[in-house]
Amino acid sequence: MNDPSDRRSALCCEILARQCLSQLCDAPEFSFELLCNPGGKSVVGNFDANISIIKAGNVIGCAASKNFVGLGLTEIKPFSFNEAQNILSDSEIRFIFSESKYSFTELVNASECREDAVMRRFALFKSLKDAHFYASGRGIRTQMKNLHIAFDGKSLLCSDSEAVISASYIDIKENIAVSVIERCVK
């Protein structure tokens, strides 16, 4: 890696992955054969474990599990209605914009949405969809609209019956949405 920032990030990703795996597998940190690819497929070669490593802005995250696991980190920032349409279903769009003070026409015509509550919901749903993709083990991203996320008033629900949302929250301090999904393939 030519860029010193990329080298530092790669080192931090590997250290974090080794710490997570050490806790999960109860093994020394340097006993793992790893292929760390932040934002892509990372592999543990010599243990029955899976990892997902992501870098978003200045935040690096890792999830480790005995099941297939995916981690989604999404910065909370303004987004366009077109971005939302590209990854969200109609019901998901209605949910994230339900607290908006603007009309549907105003939202569609605006260059960006800058409402805090709406940006948080969008980031949370995007992090869930990213986490699901990484947990799927696929190398090519399928339509994000194929996965449906719903909120039943108490918890988030996922349309993939093999997927379990292990964690999903907003970290206000880091200005990021975090989601972890595990897939228990039968």
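Residues numbered from 1 in each chain as written. Predicted model: local features only at pLDDT ≥ 70, side-chain atom pairs only at ≥ 80, totals over all residues. Heavy atoms only, no water.

Novice: How should the nonpolar core be read in this particular structure?
Specialist: One recurring pattern in soluble globular proteins: nonpolar side chains tend to sit buried together. Within the largest apolar cluster, 26 residues are counted, with the highest numbers of intra-cluster contacts made by Phe79, Ala84, Leu88, Ile96, Phe97 and Phe122. Secondary-structure elements contributing two or more residues to this core are helix 2 (81-87), helix 3 (90-96), helix 5 (116-136) and strand 9 (176-183). When residues in this core are grouped by element, the largest group, nine residues, is from helix 5. Grouped together as the second largest cluster of nonpolar side chains are twelve residues, Val59, Ala63, Leu71 and Phe133 included. (Core = buried A, V, L, I, M, F, W, Y, C linked by side-chain atoms within 4.5 Å. Buried < 20%, exposed > 50% of the residue type's maximum accessible area, 1.4 Å probe, protein only. Helix = DSSP H or I, 4+ residues; strand = E, 2+ residues; numbered from the N terminus.)

Novice: Quick question: what am I supposed to make of the pattern of salt bridges here?
Specialist: Should their charged atoms come close, side chains of opposite charge can pair. Within the structure shown, the criterion is met by seven salt bridges. Across the salt bridge formed by Arg114 and Glu112, the nearest N and O atoms sit 2.8 Å from each other. The exposure class of Arg114 is exposed, given its relative accessible area of 58%. Taking the relative accessible area as the measure of exposure, Glu112 reaches 36% and is therefore partly exposed. (Salt bridge = Lys/Arg side-chain N within 4 Å of Asp/Glu carboxyl O.)

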